[in-house]
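Single-letter residue listing:
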Amino acid sequence: YTAHSINSADLQTMPTVLLLNGPNLNLLGTREPEIYGSMNLSGIEEQVSAVLHEHKIECETFQSNSEGELIDWLHQHKNADFLLLNPGALTHTSIGLRDAVLGIEIPFLEIHLSNVHQREEFRHHSFFSDIAVGSLVGLGVKGYLLAAQFAVDFIEQKGTSAGTR
Ligand code: DQA
């Protein structure tokens with residue numbers, strides 16, 4: 001083994017966490033900042049990646065405004081170990097995205113910047129909450145960081161015993 005081949009072997013065995021954001025989350029920072037805060041999406045992606053990289057976990061990020069692109073991206077990343085998902089408005093509408101998450105069988109956390117339960121009634125139902133490991137709502141950017149920390153613990157404890165929550 002050369003030093004280089006050891007490095008690439010290491011890379012291949014590094015766990016991967018996906019960070020997926022749905023429609024309109026590309027507007028973060030300027031979109032309704034009183035609800036969603038002032039940090040933009042790249043800021044969130046950088047902070048989440050930093051938490052994961054500290055623990056030698058790869059982070060793959062993606063955002064799309066199109067349901068089909070989100071579903072295709074999940075299919076292409078089905079070998080990942082954990083998913084951090086903010087489906088945006090698709091939370092309340094998309095059986096297709098729900099089925100994609102179920103289909104790839106990756107454990108995931110549902111994240112919402114805002115507290116959807118304090119908002120309009122149509123935001124109270126989620127097609128993801130009942131199949132998620134858990135949900136973080138109303139914690140702003142901190143929700144993503146707490147979720148990343150949870151993913152680290154989940155991955156590091158994987159292969160030990162169930163019921164660690
Ligand atoms: C959101 C909440 C959804 O109801 C809304 O459609 C969004 C963002 C949140 O992060 O608070 O786009 O998922």
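Residues numbered from 1 in each chain as written. Predicted model: local features only at pLDDT ≥ 70, side-chain atom pairs only at ≥ 80, totals over all residues. Heavy atoms only, no water.

Help me understand the overall build of the protein in this model?
Check the secondary structure of the protein and you find 6 helices and 5 strands. Helices (α) and strands (β) of the protein occur, in sequence order from the N terminus, as α-β-α-α-β-α-β-α-β-β-α. Within the protein, the fraction of its 165 residues that count as buried is 42%. Of the roughly 8800 Å² that the protein leaves accessible, carbon and sulfur atoms contribute 51%. (Helix = DSSP H or I, 4+ residues; strand = E, 2+ residues; numbered from the N terminus. Buried < 20%, exposed > 50% of the residue type's maximum accessible area, 1.4 Å probe, protein only. Areas by Shrake-Rupley, 256 points an atom, 1.4 Å probe, with all protein chains shown as cover.)

Help me understand the pairing of strand β1 (residues 16-21) in this model?
For a regular strand, side chains alternate in direction, first toward one face of the sheet and then toward the other. Most of β1 sits out of view: 6 of its 6 residues are buried. Of the two faces of β1, the one lined by T16, L18 and L20 and the one lined by V17, L19 and N21 are each fully buried. Relative to strand β2 (residues 58-63), β1 runs parallel, the two sharing 6 bridges. Of the residues in β2, the one forming a bridge with V17 is C59. (Pairing = 2+ DSSP bridges.)

When you look at the site of the ligand in this model, what are you seeing that I'm missing?
Taken together, R31, Y36, N86, G88, A89, H92, H112, L113, S114, V116 and R123 form the complete shell of residues around the ligand. The contact in question runs from an oxygen atom of the ligand to an N or O atom on the side chain of R31, over 3.1 Å. Between the ligand and H112, the relevant distance is 2.8 Å, taken from an oxygen atom to a side-chain nitrogen or oxygen of the residue. Out of a free accessible area of 320 Å², the ligand has 99% covered by protein chains. For the shell around the ligand, the class distribution of residues is 4 nonpolar, 5 polar and 2 charged. (Near = heavy atom within 4 Å. Polar contact = N/O pair within 3.5 Å; in protein donor to acceptor, adjacent residues only side chain to side chain. Nonpolar A, V, L, I, M, F, W, Y, C, P; charged D, E, K, R; others polar.)

I tried to follow helix α5 (residues 95-104) on my own but got confused; where do I start?
It helps to recall that an α-helix has 3.6 residues per turn; residues three or four apart then point in one direction. For α5, the set of buried residues is L97, R98, A100, V101 and I104. Buried positions in α5, seen along its axis, are confined to an arc of 160 degrees and lie on one side of it. Residues of α5 that are buried make contact with α4 (67-76), β3 (82-86) and β4 (108-112). For α5, the N-terminal capping position is held by S94, with its side-chain oxygen 3.4 Å away from the main-chain nitrogen of G96. A positive backbone phi angle near 55 degrees is found at E105, which sits one or two residues after α5. (Arc of directions from axis to C-beta. Contact = heavy atoms within 4.5 Å.)

For this particular structure, what's the right way to read the packing of helix α3 (residues 41-54) against helix α6 (residues 141-157)?
Axis angle and axis distance: for two packed helices, these are the angle between their axes and the distance between the axes, and together they describe the pair. Direction vectors running N to C along α3 and α6 enclose 25 degrees, while the axes themselves pass 9 Å from each other. As judged from the angle between their axes, α3 and α6 are roughly parallel. Crossing geometry of α3 relative to α6 is assigned as right-handed. Only V141, Y144, L145, A148, Q149 and V152 of α6 make contact with α3, whose side of the interface consists of I44, Q47, V48, V51 and L52. Residues that form the contact of α3 with α6 fall into these classes: 9 nonpolar, 2 polar and no charged. (Axes fitted to C-alpha atoms, helices over the stretch in contact; angles between N-to-C directions. Parallel < 35°, antiparallel > 145°, perpendicular 65-115°, else oblique. Left-handed = near helix turned anticlockwise from the far one by under 90°.)

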